[in-house]
Amino acid sequence: MSMGVTRPLRQKELTARKAMAENLEKKMARERFSSRRTISERVRRRGHVHKSVPSLTGIDSRGSYIQISRAQDLKLEFLKNGLLCMGTGLEKGWAGKRIIGGVPQRESTLDIYSATRRAMHIREGLEMGRIWRDEALPEIEKINSKLYNLWDWGSPLWFYSYRRVIDSLKDALKNTINPLKQEARDMLGKASELLGRVSTSPNLSEKRKWSAAACSCLTAFRNRIGPWRDSQVEGMIAYNKMRERYLRAERDWRVHRVLRRLVKAYSIEKKWAILGRDTKDLRYAVRMEEIASSKAKREKKTKAIGELTEEMDENKYNRGGRGLDLAVLDEAENCYLEGKNKRGRTLLRRGALILKLDKPGFVAGQLREAEHYVQPVAEKIEDGARHLEQIPRLPGRGQERAEALGTAVECFKNALWEMEAIKR
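Each value, and the rule that gives it
- Residues numbered from 1 in each chain as written.
- Predicted model: local features only at pLDDT ≥ 70, side-chain atom pairs only at ≥ 80, totals over all residues.
- Heavy atoms only, no water.
- Helix = DSSP H or I, 4+ residues; strand = E, 2+ residues; numbered from the N terminus.
- Expected span 1.5 Å × (residues − 1).
- Bend = angle between axes of the 7 residues up to and from the residue.
- Buried < 20%, exposed > 50% of the residue type's maximum accessible area, 1.4 Å probe, protein only.
- Contact = heavy atoms within 4.5 Å.
- Core = buried A, V, L, I, M, F, W, Y, C linked by side-chain atoms within 4.5 Å.
- Phe/Tyr/Trp six-rings, centres within 6.5 Å; stacked < 30°, edge-to-face > 60°.
- Axes fitted to C-alpha atoms, helices over the stretch in contact; angles between N-to-C directions.
- Parallel < 35°, antiparallel > 145°, perpendicular 65-115°, else oblique.
- Left-handed = near helix turned anticlockwise from the far one by under 90°.
- Nonpolar A, V, L, I, M, F, W, Y, C, P; charged D, E, K, R; others polar.
- Pairing = 2+ DSSP bridges.
- Polar contact = N/O pair within 3.5 Å; in protein donor to acceptor, adjacent residues only side chain to side chain.
- Patch = residues over 30% accessible without salt bridge, like charges linked within 9 Å, V, L, I, M, F, W, Y side chains within 5 Å.
- Areas by Shrake-Rupley, 256 points an atom, 1.4 Å probe, with all protein chains shown as cover.
- Salt bridge = Lys/Arg side-chain N within 4 Å of Asp/Glu carboxyl O.
- Lys, Arg positive; Asp, Glu negative; His and termini not counted.
- Charge placed at Lys NZ, Arg CZ, Asp CG, Glu CD.

Participant: Account for helix H5 (residues 204-265), with residues named and values stated.
Facilitator: Its 62 residues place the ends of H5 86 Å apart at the C-alpha level, agreeing with the 92 Å of an ideal helix rising 1.5 Å per residue. Along its length, H5 reaches its greatest deviation from straightness, about 45°, at Arg229.

In structure tokens form, the structure reads like this:
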């Protein structure tokens, strides 16, 4: 590799150019922060719901009510079995003044607790990505400003050190599926290649040409990862925060409804029959999960599913209507017969989830992963679930069973009181 030509600079001129590079770097940083503030303020104003606008009620992470515009498509469909279908991904996005392709869209069938956490995790992931960009952009701004002002002075080793920084940032983006970030990665690749040409250029004219081209690529990267991505991310964060609040309100309403059902169901004359049915649901849920996770051969699994379906049919579980639809098991059996094992496992686990969905042990476990303000509710439900779990192990005669059920009901009443006492 030939050594590129360089221009020796007097100390006074070198000091002046370095000062210019430093000032340019600071200017880039100021513009970046100013742009982000402008974008954040624009998104905040857009998210404000005026009193005259039709709205929904959401709940923030502190448990306070907050209004959400009805005009926003939240990509949520609530199903009859208690689960919901949640869409993720973007059909399209903006890059400067261009519309670019979106990221792959996907629909997931989830319970309300997992869906609330999913919206939170998407938002948190976007915020973590913003932290990475805040670390990457100063590095590129530094290289850009130095290259712009000292393109004819740097040695090949100087350019090589900057290429290493650029290549490491490019590698960090290698698995991205976002079109805007893919474009940014391509800009880094081109900039790295051009820096190689700058370092080996045989004359200053060539050196100037490749330096200018490299600066243009670095500027293009900064635009895509800076203001363009900020505009995209701030909008997505606001959108998922909106979904998170709506889902949290739906989750709290369902917890409230579950608690009222538990208190009522276990206090009436038919309470033992209801407890028996709930216990049976949990046993069937365990069997579905065991079949799904079993390493048995396909024939053995399909036979187990068929036997389970027949048994549940005899026990008045039916096809159609609300709750568990036995057609889920029929479909799971067909999937295994056709070699679609992954789909079969998904359906079995979905069936188990439907059976567990409103049971106190499941609700308590899910709320334990939720916000601080619902933890007193989770504790009371957990206590009640513990008493219910003891009942099958108690003597069939005597007062112990009745006392355990009565204590569980008191726990659920206290949980309901805690839920209603949450300050909005």
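Participant: Help me get a handle on the environment of Ile39, residues and values and all.
Facilitator: Positionally, Ile39 belongs in helix H1 (residues 11-47). For Ile39, a relative accessible area of 5% puts it in the buried group. When the C-alpha positions of Ile39 and Ser231 are compared, they lie 6.1 Å apart, and in sequence the two are 192 residues distant. Discounting residues that sit within four places of it in the chain, Ile39 has contacts with Pro227, Asp230, Ser231 and Glu234.

Participant: Break down the nonpolar core for me, citing the residues and quoting the values.
Facilitator: By size, the foremost hydrophobic cluster in this structure holds 61 residues, and its most contacted members are Val255, Met312, Leu367, Val377, Ile381 and Phe412. It is helix H12 (residues 400-421) that provides the largest number of residues to this core, a total of eight residues. Ile381 has contacts with Val255, Leu259, Pro360, Val363, Ala364, Leu367, Phe412 and Ala415, leaving out every residue within four places of it along the chain. Formed by 30 residues, the second largest nonpolar core is a distinct cluster that contains Ala136, Ile140, Ile143 and Cys217.

Participant: Can you tell me about the packing of aromatic side chains, naming the residues and giving the values?
Facilitator: Inspection of every chain in the model, using the stated rule, returns six aromatic pairs. Judged by centre distance (5.9 Å) and plane angle (75°), the ring pair of Trp153 and Trp158 falls under edge-to-face. A residue is classified by how much of its surface remains accessible, and Trp158, at 16% relative accessible area, is buried. Pairing Tyr284 with Tyr317 gives two aromatic rings, centres 5.4 Å apart and planes at 85°, and the pair type is edge-to-face. Linking Tyr284 in helix H6 (residues 271-293) with Tyr317 in the loop between helix H7 (298-314) and helix H8 (327-337), this pair joins segments that are 33 residues apart in sequence.

Participant: Provide a residue-level description of the environment of Arg260, including the pertinent values.
Facilitator: With respect to the helices and strands, the residue Arg260 is situated in helix H5. Spatially, the C-alpha atom of Arg260 lies 27 Å from that of Gly398, the residues being 138 residues apart in sequence.

Participant: Which residues make up the packing of H5 against helix H10 (residues 360-367), and what values go with them?
Facilitator: Contact geometry of H5 with H10 gives a least axis separation of 11 Å together with a crossing angle of 150°. As the angle between them shows, H5 and H10 are arranged roughly antiparallel. The chirality of how H5 crosses H10 is left-handed. Contact with H5, carried on its side by Arg251, Val255, Val258 and Leu262, involves Pro360, Val363 and Leu367 of H10 and no other residues of that element. Looking at side-chain class alone, the contact of H5 with H10 contains six nonpolar, no polar and one charged residues.

Participant: Please set out unusual backbone geometry residue by residue, giving values where relevant.
Facilitator: A positive phi angle, near 55°, is found at Lys75, a position not held by glycine. Position of Lys75 among the secondary structure elements: in the loop between strand S2 (65-69) and strand S3 (76-78). Look at Lys75 and you get partly exposed, because its relative accessible area is 27%. Unlike most non-glycine residues, Lys316 shows phi in positive territory, near 70°. Here Lys316 shows up in the loop between H7 and H8. On the basis of relative accessible area, Lys316 is assigned to the exposed category, the value being 70%.

Participant: Explain the environment of Ile177 to me, and be specific about the residues and the numbers.
Facilitator: On the secondary structure map, Ile177 appears in the loop between helix H3 (156-172) and helix H4 (179-200). Assessed through its relative accessible area of 53%, Ile177 is described here as exposed. Along the backbone, Ile177 and Pro104 are 73 residues apart, and their C-alpha atoms lie at a distance of 8.1 Å.

Participant: Please give an account of the sheet that holds S3 that cites residues and values.
Facilitator: Reading across the sheet, the three strands line up as S3-S4-S7 and stay open at both edges, with antiparallel pairing between neighbours. Strands with a single pairing partner mark the edges of an open sheet, and in this sheet they are S3 and strand S7 (106-110). Strand-to-strand twist in this sheet, taken as the mean axis angle between neighbours without regard to direction, amounts to 20°. Bridge count for S3 against strand S4 (residues 84-88) is three bridges, and the pairing is antiparallel. Residue pairing for S4: Glu77 is matched across the bridge by Cys85.

Participant: Go over helix H2 (residues 112-150) with me, naming the residues and quoting the values.
Facilitator: Every α-helix winds through 3.6 residues per turn, so residues three or four apart in the chain are directed the same way. Given a rise of 1.5 Å per residue, 39 residues ought to cover 57 Å, and the 57 Å separating the end C-alpha atoms of H2 matches this to within 8%. At the N-terminal end of H2, a side-chain oxygen is found 2.9 Å from the backbone nitrogen of Tyr113, two or three residues along, and the residue is Asp111.

Participant: Would you mind going over a negative patch on the surface in detail, with residue names and values included?
Facilitator: A cluster of like negative charges, contributed by Glu307, Glu310, Asp313 and Glu314, occupies part of the molecular surface. Of note, Asp313 is situated in helix H7.

Participant: Quick rundown of the pairing of S2? Include the residues and the values.
Facilitator: In this structure, strand S1 (residues 55-59) lies alongside S2, joined through five bridges in antiparallel fashion. The residue bridging Leu56 from the neighbouring strand is Ile68, located in S2. The antiparallel hairpin formed by S1 and S2 contains five residues in its connecting segment, where Gly63 sits at a positive phi of about 95°.

By themselves, these figures tell us nothing about what the structure is for.
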